[in-house]
Structures are given as structure tokens and as C-alpha cells.
Amino acid sequence: MTYLMVLGGLVLLFVGGEALVRGSVSIARKLNISELVIGLTLVGFGTSVPELVTSLRAIGQGAVGIAVGNVVGSNIANILLVLGLAAVIRPILTNPRALSRDGAVMLAVTALLCALIWFDLFTRLAGFGLIGLLLAYLAYSLLADQKRETDAAAMHAAEGESVQAQYGLFVGLIIAVVGLVAVIIGARLLVDGGVSIARDFGISETIIGLTIVAVGTSLPELATTAVAAYRGKSDVALGNIIGSNIFNVLGILGVTALVQPFSVRGNTAVGSIADGATTSLISPLDIGMLVLSTVLLMLFAITRKRISRWEGAVLLLAYATYFGLLFGLVPVPGILTNA
């Protein structure tokens, strides 16, 4: 029954996420909102809604490991799994000038996330700060892109145009609402099922968040990016990943900390901590893989102005290795664990 809950949650998150994005984009188009605005806001935020709802559900259940692991794991999966698979399907041509601003923001946001985890600063004030940074980023990007025809502006506009949604206003609203309801139900099933699996098998809830939950909430990005890559929309595929990773940190963790401040330190990781000891739910291995994946993305995207099939294979291999390390299939050096 638990596995059916998880499977049902994954399906609902995928279907609901897709419906929410398409319905929202359709409404925006009927309201004559530009493709630039749609690509920069609705596409990035829409594909991150499953992560948001899942993290809020997890934090409400006291499953901090799932809430934080979901965001960290999703950002890792977006690059290593989603982008790696897209590059294997079709090499991704890149435009360094279009990536310079958003790529720099992603690097800075990743560094900020690592600092928040290291110093355990997920307070309500931090939540306000993260949301404020997200709004500042969106406002600056919109103003800069609307003032001049930049490569970044063309990339964001292409992200909006890539969403196939031409419904009427009322139909679009219905689709969006149904999608949101499906995401909420899916998040509940996935979190509850994930917690049960962790307890039954003595696995850390954080590992469930970093793997099963993270992959599940990344399914909308996977679908959007794979289709974009197959159609040759390389900049769209890469823009989706970068935008989603920025939204995940600033938006999801910001809202989560604002709603309910939490700590990533404690002895909540099942069977991994000695009595009375405290440690971070996110290990040096997780932080290291987050940083490595982000650096690899920028390195592959900028150096040769393309992410080739072999580079995509490297990303997928890195993700498979990370899975093996998390589940003990590959020996983990002591320095990379919280032990």
C-alpha cells in the first residue's frame, strides 16, 4: 500500500504540475502577458510548484529531512539527471551571453544555500530575505530584458513559447485549479509514503527526500526539458533548469522557512546518529554533489558552447554514483558523511 501511495503521488505530481503550468500559461496569454514574462515567471515557478507543496507538506509533518532534501536533491537531479538525459537525447547548444546573468545568479544562490545549511539559518527572517532576493531577481531581470533585446531576454521568451497552451480563459482556469489540487494530493501521498518507507526500512528521511521525493518533484522539469531538447530548443532546456534551481532555493525554502522556521541539525535521521549527538541532516556529500553539479553545468555550457552527448553521459554517471553512495552501494569516505 505504501508503494502505491508513493507511485500515485509521483503520477499526480507529474500530471498536476503539467496541468498547472499549461493552465497558468494559457490564462496569461489570454490576458496578453508577454512570452518574456511567462518564461521568466510562470514556467520557472510552475515547474517548481511540486517542490513547494511537497516541502510545505513535509515541514508540516515534522519531516525536515524530506523538506530540505527535496530542494537539495531536486537541484542535483535537475542538472545531473534531467539535463544529462536531455543532452544524451540531443546535444544542447548554448549561448554563454544568455547564460551569464542567470548562471551567475544560480552560482550565488547555490553558495547561499550551502551557507544556510552550514550555519543552520532557516529562520523566518531568512525566509523573508530569500523571498526578497527572488523578487529582486525577477524585477531586475524583467526590467533589464524589456529595455533591450538581449540574449537572455530571447531565451526567456523562448521558454514561454515552448509551452503548448492555447485554451480559453475559463478552460485554462479549470485546468490550472485541477492541476493544483492534483499536486497537493500528490504531495501528501508522496510525503506520507516516503515517511513510511523510511520508518519501515530504517532509512534516513533525508535520503528519501534527496532521491525518491526529489526525482518525483523534478518530473515536470524532466518532461519540459526532454521535449525542448528533442525539438532542438537547446536554450529553452538549459534556461528551464537554471530558472528552476533559482526558484527552488529562493522561493521554496524561502516560503517554507517563512511559514515554519526549522533546523537542519538534530538527531532525526533514522539509525544514523549516536544517542545525544547532533549533526546536519544534509551531509558534506550532499553539499559537495550540489556544488559539483552546478560547476559542471556552467563548465560544460560555457567552454565549448554546447553540452555534448558524452558530457550528458558524464552527468548521468555522476548521478548514478551519487545514488550508489547514498544507499551504500558504493563505499563512502568518512569525511563525506555525518558519522
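This section reports on the structure supplied with the text. Just so it is clear, the model here is predicted, and its values are computed rather than measured.

**Overview of the overall build of the protein**
A tally of helices and strands in the protein yields 12 helices and four strands. Going through the 339 residues of the protein one by one, you find that 55% of them count as buried. Total accessible area on the protein stands at roughly 14200 Å², and carbon and sulfur atoms take up 69% of it.

**A short note on helix 11 (residues 284-303)**
Helix length check: helix 11, at 20 residues, gives a terminal C-alpha distance of 28 Å against a target of 28 Å (1.5 Å per residue), a fit within 8%. Within the sequence span of helix 11, burial applies to Leu285, Asp286, Ile287, Met289, Leu290, Ser293, Thr294, Leu296, Leu297, Met298, Phe300 and Ala301. At the exit of helix 11 stands lysine 305, carrying a positive phi of roughly 60 degrees.

**Observations concerning the pattern of salt bridges**
By the definition in use, this model includes three salt bridges. Across the pair aspartate 192 and arginine 57 runs a salt bridge, and its minimum N-O distance is 3.0 Å. Separated by 135 residues along the polypeptide, aspartate 192 in helix 7 (residues 169-201) and arginine 57 in helix 2 (residues 35-60) bring together distant segments of the chain. According to the relative accessible area criterion, arginine 57 is partly exposed, its value standing at 23%. Aspartate 192 is the salt-bridge partner of arginine 188, the closest N and O atoms lying 4.0 Å from each other. Here arginine 188 and its partner aspartate 192 are both found in helix 7, four residues apart, which amounts to about one turn of the helix.

**Looking at the nonpolar core**
Counting residues in each nonpolar core, the largest one holds 77 residues, and the members touching the most others are Val72, Phe262, Leu297 and Ile307. Here this core takes 14 residues from helix 3 (residues 64-89), the largest share from any one element. Every residue in contact with isoleucine 307, bar those within four places of it in the chain, is listed here: Leu83, Ala87, Pro91, Ile92, Thr94, Leu238, Leu297, Phe300, Ala301 and Gly312. Listed in part, the five residues of the second largest apolar core include Val21, Val25, Ala28 and Ile38.

**Focus: a nonpolar patch on the surface**
Among the surface-exposed residues, Met1, Leu4, Leu7, Val11, Phe14 and Val15 lie close enough to one another that they form a single nonpolar patch of about 620 Å² accessible area. With respect to the element layout, valine 11 can be found in helix 1 (residues 2-30).

**Focus: the packing of helix 7 against helix 8 (residues 205-217)**
Look at helix 7 against helix 8: their axes get within 9 Å of each other, and the N-to-C directions meet at 130 degrees. When the axis of helix 7 is compared with that of helix 8, the two are oblique. In terms of crossing hand, the pair formed by helix 7 and helix 8 is right-handed. Every residue of helix 8 that contacts helix 7 at Leu190, Gly194, Val195, Ile197, Ala198 and Arg199 is listed here: Glu205, Ile208, Ile212 and Val213. Here the contact of helix 7 with helix 8 is built from residues that sort into seven nonpolar, one polar and two charged.

**Digging into the packing of aromatic side chains**
Per the counting criterion, the structure on display carries five aromatic pairs. Measuring from ring centre to ring centre gives 6.5 Å for tyrosine 319 and tyrosine 322, while their planes differ by 45 degrees; the resulting arrangement is tilted. One end of the pair is tyrosine 319 and the other is tyrosine 322, both in helix 12 (residues 309-326) and three residues apart, which spans about a single turn. Residue tyrosine 319 shares its accessibility class with tyrosine 322, and that shared class is buried. Measuring from centroid to centroid gives 5.9 Å for phenylalanine 323 and phenylalanine 327, while their planes differ by 40 degrees, and the two rings are tilted.

Conventions and cut-offs
- Here the residue numbers are simple positions, counted from 1 along each chain's written sequence.
- With the structure being a predicted model, the display of local features is reserved for residues of pLDDT at least 70 and the display and counting of side-chain atom pairs for 80 or more, all residues being used for whole-chain, interface and lining totals.
- For side-chain calculations, the full set of non-hydrogen atoms in the structure is used, while hydrogens and water are omitted.
- Secondary structure follows DSSP: runs of H or I at least 4 residues long count as helices, runs of E at least 2 residues long count as strands, and numbering of each begins at the N terminus.
- Partly exposed residues are those whose accessible area sits between 20% and 50% of the maximum for their type, while under 20% is buried and over 50% is exposed, using a 1.4 Å probe and protein chains only.
- Accessible surface is estimated by sampling points in the Shrake-Rupley manner with a 1.4 Å probe; for residues, cover comes only from the protein chains shown.
- An expected span of 1.5 Å times one less than the residue number is assigned to each helix.
- For this document, the term salt bridge refers to a Lys or Arg side-chain nitrogen within 4 Å of an Asp or Glu carboxyl oxygen.
- Here, nonpolar core means buried Ala, Val, Leu, Ile, Met, Phe, Trp, Tyr and Cys residues that are tied together by side-chain atoms lying within 4.5 Å of each other.
- Contacts are assigned to residue pairs with any non-hydrogen atoms lying within 4.5 Å of each other.
- In this scheme, patches are assembled from residues that exceed 30% relative accessible area and form no salt bridge. Like charges are connected within 9 Å, while nonpolar side chains (Val, Leu, Ile, Met, Phe, Trp, Tyr) are connected within 5 Å.
- Lines fitted to C-alpha atoms define the axes here, with helix axes fitted over just the stretch in contact, and angles between the N-to-C directions of these axes take values from 0 to 180 degrees.
- Working rule for angles: under 35 degrees goes down as roughly parallel, over 145 as roughly antiparallel, 65 to 115 as roughly perpendicular, anything else as oblique.
- Two helices that cross are described as forming a left-handed crossing if the nearer one is turned anticlockwise from the farther one by less than a right angle, and a right-handed crossing if clockwise.
- Amino acids are sorted into nonpolar (Ala, Val, Leu, Ile, Met, Phe, Trp, Tyr, Cys and Pro), charged (Asp, Glu, Lys and Arg) and polar (every other residue, Gly among them).
- Only centres within 6.5 Å qualify two rings of Phe, Tyr or Trp (six-membered ring in Trp) as a pair; their planes then separate them into stacked at under 30 degrees, edge-to-face at over 60, and tilted for everything else.

Just geometry here; none of it tells us what the structure is for.
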